[in-house]
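Next come the chains, spelled out residue by residue.
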Amino acid sequence: MSTNKPQKRVVIVGGGPAGLMAATQLLASDCELILVDQKASIGRKFLVAGDGGFNLTHSETIKSFVEKYDSLWIKNAVAQFTNTDFVAFLHELGIPTMIGSSGKVFPEEDTKPIQVLNAWKAHLGDRVNYHLGWKLEDFQDGIAHFSAEEKTHTLSYDYLVLCLGGKSWSVTGSDGTWETLLKSKEVPIIPFTSSNSGLELYDNWLPEIDGQIIKNVLVSCKGFSCHGDVVCTKYGLEGKPIYAVNRGVRQDERPAITIDFKPQMQVDKIAQILKKAKTPTQGLKELKLSPVALFWLKTFVSKEAYNDSKKLAQHIKAFKVGIKGFRPIDEVISTAGGVAIAAIDEFGELLNQSKVFCAGEMIDWDAPTGGYLIQGCVSSGFVAGKRIANQLNK
Ligand SMILES: Cc1cc2nc3c(=O)[nH]c(=O)nc-3n(C[C@H](O)[C@H](O)[C@H](O)COP(=O)(O)OP(=O)(O)OC[C@H]3O[C@@H](n4cnc5c(N)ncnc54)[C@H](O)[C@@H]3O)c2cc1C
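Rules used in this analysis
Residues numbered from 1 in each chain as written. Predicted model: local features only at pLDDT ≥ 70, side-chain atom pairs only at ≥ 80, totals over all residues. Heavy atoms only, no water. Salt bridge = Lys/Arg side-chain N within 4 Å of Asp/Glu carboxyl O. Helix = DSSP H or I, 4+ residues; strand = E, 2+ residues; numbered from the N terminus. Buried < 20%, exposed > 50% of the residue type's maximum accessible area, 1.4 Å probe, protein only. Phe/Tyr/Trp six-rings, centres within 6.5 Å; stacked < 30°, edge-to-face > 60°. Lys NZ or Arg CZ within 6 Å of the ring centre and 35° of its normal. Near = heavy atom within 4 Å. Polar contact = N/O pair within 3.5 Å; in protein donor to acceptor, adjacent residues only side chain to side chain. Areas by Shrake-Rupley, 256 points an atom, 1.4 Å probe, with all protein chains shown as cover.

(A) How the structure looks around the pattern of salt bridges. Applying the stated rule across the entire model yields 13 salt bridges. The closest approach of N and O atoms between K183 and E179, which form a salt bridge, is 3.2 Å. One end of the pair is K183 and the other is E179, both in helix α7 (residues 178–184) and four residues apart, which spans about a single turn. We note a salt bridge from R327 to E331, for which the minimum N-O separation is 2.9 Å. Classification of R327 by relative accessible area gives buried; the value is 15%. Take E331: its relative accessible area is 42%, and that puts it in the partly exposed class.

Written out as C-alpha coordinates, the structure reads:
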(Lines give C-alpha, C1' and ligand atoms only; values in the text may rest on other atoms or scores of the structure.)
Protein backbone atom coordinates (compact mmCIF):
# COMPACT_ATOMS: atom_id res chain seq x y z
CA MET A 1 0.00 0.00 0.00
CA SER A 2 1.51 3.33 -0.99
CA THR A 3 1.67 5.90 1.81
CA ASN A 4 2.64 8.74 -0.55
CA LYS A 5 5.29 9.75 1.97
CA PRO A 6 8.49 11.05 0.31
CA GLN A 7 11.24 8.47 0.65
CA LYS A 8 13.89 9.29 3.24
CA ARG A 9 17.46 9.56 2.06
CA VAL A 10 20.50 8.11 3.82
CA VAL A 11 23.87 9.38 2.65
CA ILE A 12 26.86 7.28 3.71
CA VAL A 13 30.24 8.91 3.20
CA GLY A 14 33.21 6.52 3.05
CA GLY A 15 33.25 3.20 1.19
CA GLY A 16 35.42 1.15 3.57
CA PRO A 17 34.16 -1.83 5.58
CA ALA A 18 32.30 0.44 8.05
CA GLY A 19 30.38 2.26 5.29
CA LEU A 20 29.63 -0.96 3.41
CA MET A 21 28.24 -2.59 6.55
CA ALA A 22 26.12 0.46 7.39
CA ALA A 23 24.68 0.30 3.85
CA THR A 24 24.09 -3.46 4.21
CA GLN A 25 21.94 -2.90 7.29
CA LEU A 26 19.76 -0.46 5.38
CA LEU A 27 19.10 -2.62 2.32
CA ALA A 28 15.71 -3.77 3.53
CA SER A 29 14.58 -0.33 4.71
CA ASP A 30 12.36 2.01 2.79
CA CYS A 31 14.94 4.67 1.98
CA GLU A 32 17.12 5.96 -0.80
CA LEU A 33 20.71 4.85 -0.19
CA ILE A 34 23.65 6.88 -1.46
CA LEU A 35 27.31 6.01 -0.89
CA VAL A 36 29.89 8.72 -1.52
CA ASP A 37 33.67 8.38 -1.54
CA GLN A 38 36.38 10.87 -2.41
CA LYS A 39 38.29 8.20 -4.32
CA ALA A 40 37.37 6.92 -7.77
CA SER A 41 36.69 3.47 -6.29
CA ILE A 42 35.64 2.22 -2.88
CA GLY A 43 37.39 -0.08 -0.39
CA ARG A 44 40.97 0.91 -1.18
CA LYS A 45 42.32 0.38 2.32
CA PHE A 46 40.31 -2.84 2.58
CA LEU A 47 42.22 -4.04 -0.49
CA VAL A 48 45.56 -2.88 0.94
CA ALA A 49 44.76 -4.89 4.10
CA GLY A 50 44.30 -7.87 1.80
CA ASP A 51 47.79 -7.55 0.37
CA GLY A 52 49.63 -9.25 3.20
CA GLY A 53 47.09 -11.98 4.01
CA PHE A 54 43.47 -10.91 4.31
CA ASN A 55 42.83 -11.27 8.00
CA LEU A 56 39.14 -10.38 8.28
CA THR A 57 38.45 -11.35 11.88
CA HIS A 58 39.50 -13.86 14.54
CA SER A 59 37.83 -17.09 15.61
CA GLU A 60 38.24 -16.84 19.39
CA THR A 61 35.24 -16.77 21.75
CA ILE A 62 33.44 -13.44 21.86
CA LYS A 63 34.29 -13.13 25.59
CA SER A 64 38.03 -12.94 24.95
CA PHE A 65 37.54 -11.29 21.54
CA VAL A 66 36.03 -8.11 22.98
CA GLU A 67 38.84 -7.84 25.51
CA LYS A 68 41.21 -6.93 22.66
CA TYR A 69 39.51 -3.51 22.33
CA ASP A 70 40.34 -0.56 24.53
CA SER A 71 36.97 1.13 25.02
CA LEU A 72 33.62 -0.07 26.28
CA TRP A 73 31.91 1.63 23.34
CA ILE A 74 33.56 -0.55 20.71
CA LYS A 75 33.30 -3.66 22.90
CA ASN A 76 29.52 -3.13 22.97
CA ALA A 77 29.38 -2.66 19.20
CA VAL A 78 31.38 -5.86 18.60
CA ALA A 79 29.12 -7.76 21.01
CA GLN A 80 26.15 -6.75 18.81
CA PHE A 81 27.73 -7.89 15.55
CA THR A 82 30.27 -10.52 16.50
CA ASN A 83 33.08 -12.32 14.69
CA THR A 84 30.67 -15.25 14.19
CA ASP A 85 28.07 -12.90 12.67
CA PHE A 86 30.70 -11.47 10.32
CA VAL A 87 31.83 -14.92 9.18
CA ALA A 88 28.17 -15.89 8.59
CA PHE A 89 27.72 -12.71 6.56
CA LEU A 90 30.81 -13.50 4.45
CA HIS A 91 29.38 -16.95 3.76
CA GLU A 92 26.12 -15.29 2.74
CA LEU A 93 28.17 -13.27 0.24
CA GLY A 94 29.55 -16.54 -1.11
CA ILE A 95 33.00 -16.03 0.42
CA PRO A 96 34.21 -19.21 2.08
CA THR A 97 36.50 -18.62 5.06
CA MET A 98 39.21 -20.60 6.80
CA ILE A 99 40.82 -20.39 10.22
CA GLY A 100 44.61 -20.12 10.27
CA SER A 101 46.81 -21.84 12.85
CA SER A 102 46.75 -18.72 15.04
CA GLY A 103 42.94 -18.59 15.01
CA LYS A 104 42.80 -15.73 12.49
CA VAL A 105 40.01 -15.89 9.91
CA PHE A 106 40.87 -15.46 6.22
CA PRO A 107 38.96 -15.91 2.99
CA GLU A 108 39.70 -19.41 1.69
CA GLU A 109 42.88 -19.74 -0.36
CA ASP A 110 42.51 -18.56 -3.96
CA THR A 111 39.93 -15.94 -2.93
CA LYS A 112 41.43 -12.58 -3.79
CA PRO A 113 40.59 -9.44 -1.73
CA ILE A 114 38.95 -7.86 -4.80
CA GLN A 115 36.60 -10.85 -5.00
CA VAL A 116 35.47 -10.18 -1.43
CA LEU A 117 34.87 -6.51 -2.24
CA ASN A 118 33.06 -7.33 -5.49
CA ALA A 119 30.84 -9.90 -3.77
CA TRP A 120 29.91 -7.26 -1.17
CA LYS A 121 29.17 -4.68 -3.88
CA ALA A 122 27.04 -7.24 -5.73
CA HIS A 123 25.13 -7.86 -2.48
CA LEU A 124 24.36 -4.13 -2.25
CA GLY A 125 23.31 -4.24 -5.91
CA ASP A 126 21.45 -1.31 -7.40
CA ARG A 127 19.85 -0.40 -4.04
CA VAL A 128 22.90 1.82 -3.56
CA ASN A 129 23.72 4.80 -5.77
CA TYR A 130 27.38 5.72 -5.80
CA HIS A 131 29.00 9.12 -6.14
CA LEU A 132 32.71 8.51 -6.46
CA GLY A 133 35.41 11.15 -6.57
CA TRP A 134 33.32 13.39 -4.30
CA LYS A 135 34.94 14.78 -1.18
CA LEU A 136 32.75 15.80 1.76
CA GLU A 137 33.49 19.46 2.53
CA ASP A 138 30.64 20.42 4.84
CA PHE A 139 27.22 19.41 6.14
CA GLN A 140 24.58 21.43 7.85
CA ASP A 141 20.81 21.17 8.43
CA GLY A 142 20.29 18.17 6.15
CA ILE A 143 22.48 19.37 3.27
CA ALA A 144 25.93 17.89 2.56
CA HIS A 145 28.41 19.74 0.35
CA PHE A 146 30.99 17.95 -1.77
CA SER A 147 33.85 18.98 -4.05
CA ALA A 148 34.75 16.97 -7.13
CA GLU A 149 37.59 18.11 -9.36
CA GLU A 150 36.50 21.63 -10.22
CA LYS A 151 32.82 21.16 -9.44
CA THR A 152 30.82 21.25 -6.25
CA HIS A 153 27.75 19.18 -5.44
CA THR A 154 25.14 19.14 -2.74
CA LEU A 155 22.99 16.30 -1.49
CA SER A 156 20.13 16.58 0.93
CA TYR A 157 19.94 13.87 3.59
CA ASP A 158 17.68 12.65 6.33
CA TYR A 159 20.53 10.66 7.84
CA LEU A 160 24.24 11.14 7.26
CA VAL A 161 26.66 8.33 8.14
CA LEU A 162 30.32 9.31 8.30
CA CYS A 163 32.68 6.37 7.80
CA LEU A 164 35.75 8.38 6.87
CA GLY A 165 38.48 6.12 8.24
CA GLY A 166 41.63 6.93 10.23
CA LYS A 167 44.70 8.78 9.06
CA SER A 168 47.22 6.21 7.82
CA TRP A 169 47.83 5.25 4.18
CA SER A 170 46.35 8.54 2.95
CA VAL A 171 46.84 7.31 -0.64
CA THR A 172 43.80 5.05 -0.03
CA GLY A 173 41.62 8.10 0.76
CA SER A 174 41.80 7.74 4.56
CA ASP A 175 43.57 11.05 4.99
CA GLY A 176 41.99 12.34 8.21
CA THR A 177 41.29 15.76 6.64
CA TRP A 178 37.73 15.46 8.00
CA GLU A 179 39.23 16.36 11.40
CA THR A 180 39.10 20.08 10.54
CA LEU A 181 35.48 19.84 9.41
CA LEU A 182 34.29 18.07 12.56
CA LYS A 183 36.31 20.37 14.81
CA SER A 184 34.58 23.34 13.16
CA LYS A 185 31.30 21.74 14.32
CA GLU A 186 32.66 21.53 17.86
CA VAL A 187 32.92 17.76 17.80
CA PRO A 188 35.72 16.83 20.23
CA ILE A 189 38.55 15.07 18.41
CA ILE A 190 41.33 13.12 20.12
CA PRO A 191 44.63 13.74 18.26
CA PHE A 192 45.60 10.91 15.89
CA THR A 193 48.54 8.69 16.81
CA SER A 194 50.20 5.75 15.09
CA SER A 195 48.85 2.35 16.10
CA ASN A 196 49.89 -1.15 15.10
CA SER A 197 53.10 0.61 14.26
CA GLY A 198 56.74 -0.39 14.03
CA LEU A 199 58.96 0.99 16.79
CA GLU A 200 62.03 3.07 16.08
CA LEU A 201 65.20 2.41 18.09
CA TYR A 202 68.11 4.71 18.99
CA ASP A 203 70.99 4.59 16.52
CA ASN A 204 73.39 2.59 18.69
CA TRP A 205 70.89 -0.30 18.78
CA LEU A 206 70.65 -0.56 15.01
CA PRO A 207 73.97 -1.89 13.65
CA GLU A 208 73.78 -5.51 12.49
CA ILE A 209 70.05 -5.95 13.01
CA ASP A 210 68.47 -5.05 9.63
CA GLY A 211 66.79 -8.08 8.04
CA GLN A 212 67.13 -10.33 11.12
CA ILE A 213 64.21 -12.07 12.82
CA ILE A 214 64.19 -12.61 16.58
CA LYS A 215 62.12 -15.75 16.76
CA ASN A 216 59.68 -16.84 19.42
CA VAL A 217 60.11 -14.14 22.06
CA LEU A 218 57.74 -12.52 24.54
CA VAL A 219 57.50 -8.73 24.25
CA SER A 220 55.90 -6.70 27.06
CA CYS A 221 55.20 -3.10 27.95
CA LYS A 222 52.98 -1.62 30.69
CA GLY A 223 50.73 -4.66 31.08
CA PHE A 224 50.53 -5.52 27.37
CA SER A 225 52.43 -8.57 26.18
CA CYS A 226 52.56 -10.85 23.17
CA HIS A 227 54.52 -13.90 21.95
CA GLY A 228 55.85 -14.17 18.43
CA ASP A 229 58.60 -13.25 16.01
CA VAL A 230 60.07 -9.74 15.91
CA VAL A 231 61.26 -8.47 12.55
CA CYS A 232 64.30 -6.15 12.63
CA THR A 233 64.61 -3.34 10.11
CA LYS A 234 67.03 -0.52 9.45
CA TYR A 235 65.07 1.77 11.79
CA GLY A 236 63.91 -0.66 14.48
CA LEU A 237 61.34 -3.38 15.10
CA GLU A 238 58.18 -4.64 13.41
CA GLY A 239 55.89 -7.64 13.82
CA LYS A 240 52.88 -8.84 15.76
CA PRO A 241 54.37 -8.68 19.29
CA ILE A 242 55.61 -5.13 18.59
CA TYR A 243 52.17 -3.96 17.37
CA ALA A 244 50.49 -5.64 20.33
CA VAL A 245 52.41 -3.55 22.88
CA ASN A 246 51.87 -0.22 21.07
CA ARG A 247 49.23 0.81 23.58
CA GLY A 248 51.66 0.26 26.45
CA VAL A 249 54.41 2.22 24.68
CA ARG A 250 51.99 5.10 24.21
CA GLN A 251 51.32 5.22 27.97
CA ASP A 252 55.01 5.09 28.89
CA GLU A 253 56.64 8.45 29.65
CA ARG A 254 60.12 7.10 28.82
CA PRO A 255 59.05 4.31 26.49
CA ALA A 256 60.84 0.99 26.69
CA ILE A 257 59.80 -2.55 25.87
CA THR A 258 60.93 -5.69 27.66
CA ILE A 259 61.93 -8.76 25.63
CA ASP A 260 62.06 -12.25 27.08
CA PHE A 261 64.44 -13.98 24.65
CA LYS A 262 63.73 -17.43 26.11
CA PRO A 263 60.06 -17.46 27.17
CA GLN A 264 59.88 -21.26 27.30
CA MET A 265 62.73 -21.58 29.82
CA GLN A 266 62.86 -20.61 33.51
CA VAL A 267 65.51 -18.13 34.64
CA ASP A 268 67.18 -20.73 36.92
CA LYS A 269 67.60 -23.19 34.06
CA ILE A 270 69.16 -20.47 31.90
CA ALA A 271 71.55 -19.51 34.73
CA GLN A 272 72.47 -23.19 35.10
CA ILE A 273 73.34 -23.53 31.40
CA LEU A 274 75.39 -20.32 31.51
CA LYS A 275 77.24 -21.44 34.64
CA LYS A 276 78.19 -24.78 33.12
CA ALA A 277 79.56 -23.19 29.95
CA LYS A 278 83.26 -22.32 29.67
CA THR A 279 82.53 -18.67 28.88
CA PRO A 280 79.35 -16.54 28.90
CA THR A 281 79.56 -16.28 25.09
CA GLN A 282 79.71 -20.08 24.84
CA GLY A 283 76.70 -20.31 27.18
CA LEU A 284 74.72 -17.85 25.07
CA LYS A 285 75.49 -19.95 21.99
CA GLU A 286 74.21 -23.07 23.74
CA LEU A 287 70.98 -21.22 24.49
CA LYS A 288 70.62 -20.69 20.72
CA LEU A 289 69.77 -17.01 21.05
CA SER A 290 69.30 -14.99 17.88
CA PRO A 291 72.26 -12.98 16.54
CA VAL A 292 70.41 -9.76 17.48
CA ALA A 293 70.00 -10.93 21.08
CA LEU A 294 73.68 -11.84 21.21
CA PHE A 295 74.70 -8.46 19.79
CA TRP A 296 72.51 -6.51 22.21
CA LEU A 297 73.50 -8.54 25.27
CA LYS A 298 77.20 -8.15 24.46
CA THR A 299 76.87 -4.45 23.74
CA PHE A 300 74.50 -3.23 26.43
CA VAL A 301 74.88 -5.52 29.45
CA SER A 302 77.58 -4.33 31.86
CA LYS A 303 80.75 -6.41 31.96
CA GLU A 304 80.05 -7.36 35.56
CA ALA A 305 76.52 -8.66 34.76
CA TYR A 306 77.71 -10.39 31.58
CA ASN A 307 80.16 -12.47 33.62
CA ASP A 308 77.59 -13.36 36.29
CA SER A 309 75.40 -16.26 35.13
CA LYS A 310 72.43 -15.28 37.33
CA LYS A 311 72.44 -11.64 36.26
CA LEU A 312 72.95 -12.51 32.60
CA ALA A 313 70.04 -14.97 32.83
CA GLN A 314 67.87 -12.17 34.25
CA HIS A 315 68.80 -9.95 31.31
CA ILE A 316 67.88 -12.74 28.87
CA LYS A 317 64.45 -13.06 30.52
CA ALA A 318 63.74 -9.33 30.79
CA PHE A 319 65.85 -7.31 28.39
CA LYS A 320 64.94 -3.62 28.27
CA VAL A 321 65.00 -1.87 24.89
CA GLY A 322 64.49 1.90 24.87
CA ILE A 323 62.08 3.18 22.21
CA LYS A 324 62.72 6.34 20.23
CA GLY A 325 59.21 6.54 18.77
CA PHE A 326 56.59 5.20 16.39
CA ARG A 327 56.82 5.07 12.62
CA PRO A 328 55.32 8.03 10.71
CA ILE A 329 51.54 7.96 10.84
CA ASP A 330 51.08 7.61 7.08
CA GLU A 331 52.75 4.22 6.91
CA VAL A 332 51.23 2.46 9.92
CA ILE A 333 48.42 -0.11 9.83
CA SER A 334 45.96 1.94 11.85
CA THR A 335 45.54 5.07 13.91
CA ALA A 336 44.24 5.66 17.40
CA GLY A 337 42.46 8.94 18.10
CA GLY A 338 39.64 10.52 16.12
CA VAL A 339 36.07 11.33 17.14
CA ALA A 340 35.95 11.18 20.95
CA ILE A 341 33.68 8.49 22.38
CA ALA A 342 32.21 11.25 24.57
CA ALA A 343 30.96 12.95 21.38
CA ILE A 344 28.67 10.07 20.29
CA ASP A 345 25.89 7.95 21.72
CA GLU A 346 25.93 4.13 21.83
CA PHE A 347 24.93 3.96 18.14
CA GLY A 348 27.59 6.41 16.95
CA GLU A 349 25.19 9.37 16.55
CA LEU A 350 26.92 12.69 17.21
CA LEU A 351 25.48 14.23 20.36
CA ASN A 352 25.64 17.75 18.91
CA GLN A 353 24.47 16.84 15.36
CA SER A 354 21.19 14.99 15.26
CA LYS A 355 20.93 12.24 12.57
CA VAL A 356 24.64 12.37 11.82
CA PHE A 357 26.39 9.10 12.71
CA CYS A 358 30.05 8.04 12.79
CA ALA A 359 31.42 4.51 12.37
CA GLY A 360 34.71 2.70 11.82
CA GLU A 361 38.28 3.71 12.43
CA MET A 362 37.45 7.43 12.54
CA ILE A 363 36.20 6.91 16.11
CA ASP A 364 38.73 6.91 18.95
CA TRP A 365 39.07 3.21 19.70
CA ASP A 366 42.07 0.98 19.33
CA ALA A 367 42.76 -2.72 18.86
CA PRO A 368 45.64 -4.90 17.74
CA THR A 369 45.86 -6.00 14.15
CA GLY A 370 44.82 -9.59 13.56
CA GLY A 371 41.27 -9.10 12.31
CA TYR A 372 40.14 -6.93 15.22
CA LEU A 373 40.36 -3.71 13.19
CA ILE A 374 38.11 -4.75 10.31
CA GLN A 375 35.75 -6.42 12.81
CA GLY A 376 35.55 -3.18 14.87
CA CYS A 377 34.76 -1.25 11.69
CA VAL A 378 32.01 -3.59 10.46
CA SER A 379 30.50 -3.88 13.95
CA SER A 380 30.30 -0.09 14.37
CA GLY A 381 28.89 0.22 10.82
CA PHE A 382 26.30 -2.41 11.78
CA VAL A 383 25.27 -0.53 14.92
CA ALA A 384 24.80 2.78 13.07
CA GLY A 385 23.01 1.19 10.09
CA LYS A 386 20.72 -0.89 12.30
CA ARG A 387 19.79 2.14 14.43
CA ILE A 388 18.82 4.14 11.34
CA ALA A 389 16.93 1.16 9.89
CA ASN A 390 14.94 0.86 13.14
CA GLN A 391 14.08 4.56 13.06
CA LEU A 392 13.05 4.38 9.38
CA ASN A 393 10.94 1.30 9.96
CA LYS A 394 9.01 2.86 12.85
C1 LIG B 1 48.78 -2.16 5.40
C2 LIG B 1 47.49 -2.42 6.15
C3 LIG B 1 47.16 -3.71 6.51
C4 LIG B 1 46.00 -3.96 7.24
N5 LIG B 1 45.70 -5.24 7.58
C6 LIG B 1 44.59 -5.50 8.30
C7 LIG B 1 44.25 -6.83 8.65
O8 LIG B 1 44.91 -7.79 8.23
N9 LIG B 1 43.14 -7.03 9.42
C10 LIG B 1 42.38 -5.99 9.89
O11 LIG B 1 41.41 -6.21 10.61
N12 LIG B 1 42.65 -4.72 9.50
C13 LIG B 1 43.73 -4.45 8.75
N14 LIG B 1 44.02 -3.16 8.37
C15 LIG B 1 43.15 -2.06 8.87
C16 LIG B 1 41.84 -1.92 8.09
O17 LIG B 1 42.08 -1.97 6.71
C18 LIG B 1 41.15 -0.59 8.48
O19 LIG B 1 41.03 -0.55 9.88
C20 LIG B 1 39.77 -0.45 7.85
O21 LIG B 1 39.86 -0.46 6.45
C22 LIG B 1 39.11 0.85 8.28
O23 LIG B 1 37.81 0.84 7.77
P24 LIG B 1 36.89 2.14 7.72
O25 LIG B 1 35.65 1.73 6.98
O26 LIG B 1 36.76 2.73 9.05
O27 LIG B 1 37.70 3.19 6.85
P28 LIG B 1 38.53 3.06 5.50
O29 LIG B 1 38.60 1.66 5.02
O30 LIG B 1 39.79 3.75 5.77
O31 LIG B 1 37.63 3.87 4.47
C32 LIG B 1 37.40 5.25 4.63
C33 LIG B 1 36.89 5.80 3.32
O34 LIG B 1 36.46 7.14 3.52
C35 LIG B 1 36.82 7.92 2.37
N36 LIG B 1 36.91 9.32 2.80
C37 LIG B 1 37.72 9.85 3.74
N38 LIG B 1 37.50 11.18 3.85
C39 LIG B 1 36.53 11.50 2.94
C40 LIG B 1 35.86 12.71 2.59
N41 LIG B 1 36.13 13.88 3.20
N42 LIG B 1 34.92 12.65 1.63
C43 LIG B 1 34.61 11.49 1.00
N44 LIG B 1 35.22 10.31 1.30
C45 LIG B 1 36.15 10.32 2.26
C46 LIG B 1 38.14 7.32 1.93
O47 LIG B 1 38.40 7.59 0.57
C48 LIG B 1 37.96 5.84 2.23
O49 LIG B 1 37.51 5.12 1.10
C50 LIG B 1 45.14 -2.88 7.60
C51 LIG B 1 45.45 -1.59 7.19
C52 LIG B 1 46.61 -1.34 6.47
C53 LIG B 1 46.93 0.06 6.04
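Moving on, there is more to tell.
(B) Structural view of unusual backbone geometry. Positive phi outside glycine occurs at D110, with the angle close to 75 degrees. Note on placement: D110 falls in the loop between β5 (104–107) and α6 (113–124). Phi at K355 is positive, roughly 70 degrees, even though this residue is not glycine. Mapped onto the secondary structure, K355 falls in the loop between β19 (334–339) and β20 (356–358).

(C) Summary view of the packing of aromatic side chains. Per the counting criterion, the structure on display carries 17 aromatic pairs. Look at F81 and F86: their rings are 6.3 Å apart centre to centre, the planes differ by 55 degrees, and that puts the pair in the tilted class. Neither residue differs from the other here; F81 and F86 are each classed as buried. Members of the aromatic cluster, connected to one another through ring pairs, are W205, F261, W296, F300 and F319. Positioned over the ring face of F139 is K185, at 5.0 Å from the centre of the ring. The ring of Y235 is capped by R327, whose NZ or CZ atom sits 3.5 Å from the centre of that ring.

(D) Representation of the site of the ligand. Lining the immediate environment of the ligand, one finds 31 residues, of which D37, L136, S174, E361 and I374 sit closest. Contact between the ligand and P17: an oxygen atom at 3.3 Å from a main-chain N or O atom of the residue. Between the ligand and E361 there is a distance of 2.6 Å, counted from an oxygen atom to a side-chain nitrogen or oxygen. When isolated, the ligand has an accessible area of 1,000 Å², and the protein chains bury 95% of it. Of all the secondary structure elements, the ones that give two or more residues to the shell around the ligand are α1 (17–25), α2 (44–51), β7 (135–140) and α15 (372–393). Looking at the shell around the ligand, the element that brings in the most residues is α15, giving four residues.

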